[in-house]
Amino acid sequence: MMLSAGLAGIVQRRRQAAGGPAKEAGLLPAPWRVGFSRLWWRFADQALQPLDSDLALLELCAQPLATWPVQLDLSITDLQNSLLADGDLSEFAEQGSRLARHDVEAEWTENQVHLALREAAAANGSSDEEIGEAYAVLRRYLIDHAVVADREVRGLERRFPATDNSGQTHVHRLISLAYHSRPARAPQEYILCPSCRNVLADASACCATAGCPGGSPETWTAVPTAVVYEQHRATRKYIHDPGLVEARIIDALSVDSLAPTVRVTPYPGVDALDVLIEFLRPGVGGVPEVAETWGVDAKDQVSARLLGRGFTWPQAPACDRRYLALPAHRAVQPGYISDLEAELDGRVAGVHVIDENQLVARAKERAKELAA
Ligand SMILES: [Zn+2]
C-alpha cells in the first residue's frame, strides 16, 4: 500500500512535468521511500539480496506481484496484479494507494466533488428528507451523465436553484468540479455505450468500463449554447463507474410492480448507505407500514482483500439485514467472495456478502413472503 501511494505520487509528478514547465521534483515521495525500506527489510528477512536502487524497484512494479522474488502477504488473486500498467498506476495500485490515505490528485478531485454534492443538497433542502432527496438526485445525475450540455445543466439549476455567497448556484459549482468544460457552440456528436453511458472513442470501440455488458454504441448529440461538460477521470473512476452497480440495484427494485410492497431509498441519510430497502405491509386503516428493512452498500473494487480491510458499516439507519453487494463481474472472480469474507471476519459483524443479481432476486422473494 505504501508503495502504491508512493507510485501514485511519482506518476502524478511525471504527469505534471509533462504538462507544463518542470517543477523542482526534489526527493521521491515519502511513502515510496517508506515502501522501499519496508521491502528492503522483507528481502533481508527472507535471506534474499535486497534491491539496490529505486530504478530496480520501479522495474519490479511493472511485473505481476506473483513474479516478485520476495514473498508478499497478499491473496493469490491480488498477486496476479502489477502496480504499474503501461507506465500508469494499475487499478490495484490505485485502490492500494487510496487505502494508504495518501492524497493523490484523483482523491482530491473525488473529495471536492463529494463535498460539493453535499453542499448542493444541503442548500437545496429545508428538511432532512428534502436534503436527502436532492442528494440522491444529484448523485444519480453524475452516474447517468458522463457528458452533458450547458442547457441541461441550466435545467438542473432551475430544479435546484440555491446559490452561494458569490451568486453561483451550488449545482453549477458541482458540475464545474466534476466535469471539464469545453467551449462549443455547435451541436456535438458523442458515441456512448448504451449500458454505462460512458463516451466511446468511435463506433467500433468496445466499452472498457469494468463489468459493463456493453451493447451497440449509440450516437448522442449534445446541443450546447456555449459549453459542453465532460466528466473528469476521477469522477468517472470513483463516482460514475462504481455507481453503476447501485443504479442497477435501485432501478431493478424501483419497478411499478414492486411499488406496493417495496420502498427503495437511494443513498439514505445523505449517503450513509447506497440503498435502503423497506418491505411494506398494510397497517392500521390501510396505511402501509414497514415490516422489514434491509441496508445495502454496493462496492466495485478490484481487490477483495483491500476492500475488506477498508470496509465499515454505519451506525444508522437501523437495518434488519445488512448486505455488501458486489457487481456480478467481481462476484464471479474465483476466490473474490472468500477473500472478502475472510478479511471481513472479526472486523465487521452481521454483514452478508452478496452478488447484485442474488440481492435483487432475494428482495423480490422477501416482498412476496411478507405480503402473503
Ligand atoms: Zn459500457
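Residues numbered from 1 in each chain as written. Predicted model: local features only at pLDDT ≥ 70, side-chain atom pairs only at ≥ 80, totals over all residues.

Let us now look at the overall build of the chain. Along the chain, the regular secondary structure elements total 15 helices and 13 strands. Computed over its C-alpha atoms, the radius of gyration of the chain comes to 23 Å, within 12% of the 21 Å expected for a compact globule of 372 residues. Counting across all 372 residues of the chain, residues that qualify as buried make up 35%. Sequence-distant contacts, at least 24 apart, represent 65% of the contacts inside the chain between residues at least 6 apart. (Helix = DSSP H or I, 4+ residues; strand = E, 2+ residues; numbered from the N terminus. Rg over C-alpha atoms; globule rule 2.2 N^0.38 Å. Buried ≥ 20, exposed ≤ 12 C-beta atoms within 10 Å, placed from the backbone. Contact = placed C-beta atoms within 7 Å.)

If you look at the biggest cluster of nonpolar residues, it comprises 64 residues, and the most contacted ones within it are Ile249, Val296 and Ala325. For this core, the leading source of residues is helix H10 (residues 233–253), giving 9 residues. Each of two domains, domain 2 (107–187 + 223–231) and domain 3 (240–371), supplies a minimum of three residues to this core. Dropping the residues within four chain positions of it, alanine 325 is found in contact with Val245, Ile249, Val296, Ala298, Ile354, Glu356 and Leu359. In terms of nonpolar packing, the next biggest core, distinct from the first, is built from 13 residues, Leu3, Leu7, Phe92 and Val302 among them. (Core = buried A, V, L, I, M, F, W, Y, C linked by C-beta atoms within 7 Å. Domains from an automatic or database assignment.)

On to the sheet that holds strand E4 (residues 179–183). Note: strands within a sheet are paired through backbone hydrogen bonds, in either parallel or antiparallel orientation. Strand order across the open sheet formed by 3 strands is E3-E8-E4, with antiparallel pairing between neighbours. Edge strands, defined here as strands with exactly one partner in the open sheet, are strand E3 (147–149) and E4. Going from strand to strand, the sheet's axes swing by 25 degrees on average, the running direction of each strand aside. In the packing of helix H8 (residues 150–159) onto the sheet, the strands contacted are E3 and strand E8 (227–231), and the crossing angle to E3 comes to about 80 degrees. (Pairing = 2+ DSSP bridges. Axes fitted to C-alpha atoms, helices over the stretch in contact; angles between N-to-C directions.)

Taken in spatial order, the 3 strands of this open sheet run E6-E5-E7, and their pairing is antiparallel. Each edge of the open sheet carries a strand with a single partner, namely strand E6 (199–200) and strand E7 (218–222). Sheet topology places strand E5 (residues 188–192) next to E7; 5 bridges connect them, and they run antiparallel. Counted as the bridge partner of tyrosine 190 is tryptophan 220 from E7.

All right, on to the UniProt feature "domain: REase associating with pPIWI RE" (unreviewed entry) in the chain then. Using the residue numbers shown here, the UniProt feature "domain: REase associating with pPIWI RE" (unreviewed entry) corresponds to residues 243–369. With 39% helix and 28% strand, the stretch residues 243–369 has end C-alpha atoms that lie 29 Å from each other. (UniProt positions renumbered as here; feature names shortened; annotations may be inferred.)

Turning our eyes to something else, we now look at the packing of helix H7 (residues 128–144) against H10. Remark: H7 packs on H10, axes separated minimally by 8 Å, with the N-to-C direction vectors making an angle of 105 degrees. One way to sum up the angle between H7 and H10 is to call them roughly perpendicular. Mapping the contact onto sequence places Arg140, Leu142 and Ile143 in H7 and Thr235, Ile239, His240, Gly243, Leu244 and Ala247 in H10. When its residues are assigned to classes, the contact of H7 with H10 shows 5 nonpolar, 3 polar and 1 charged. (Parallel < 35°, antiparallel > 145°, perpendicular 65-115°, else oblique. Nonpolar A, V, L, I, M, F, W, Y, C, P; charged D, E, K, R; others polar.)

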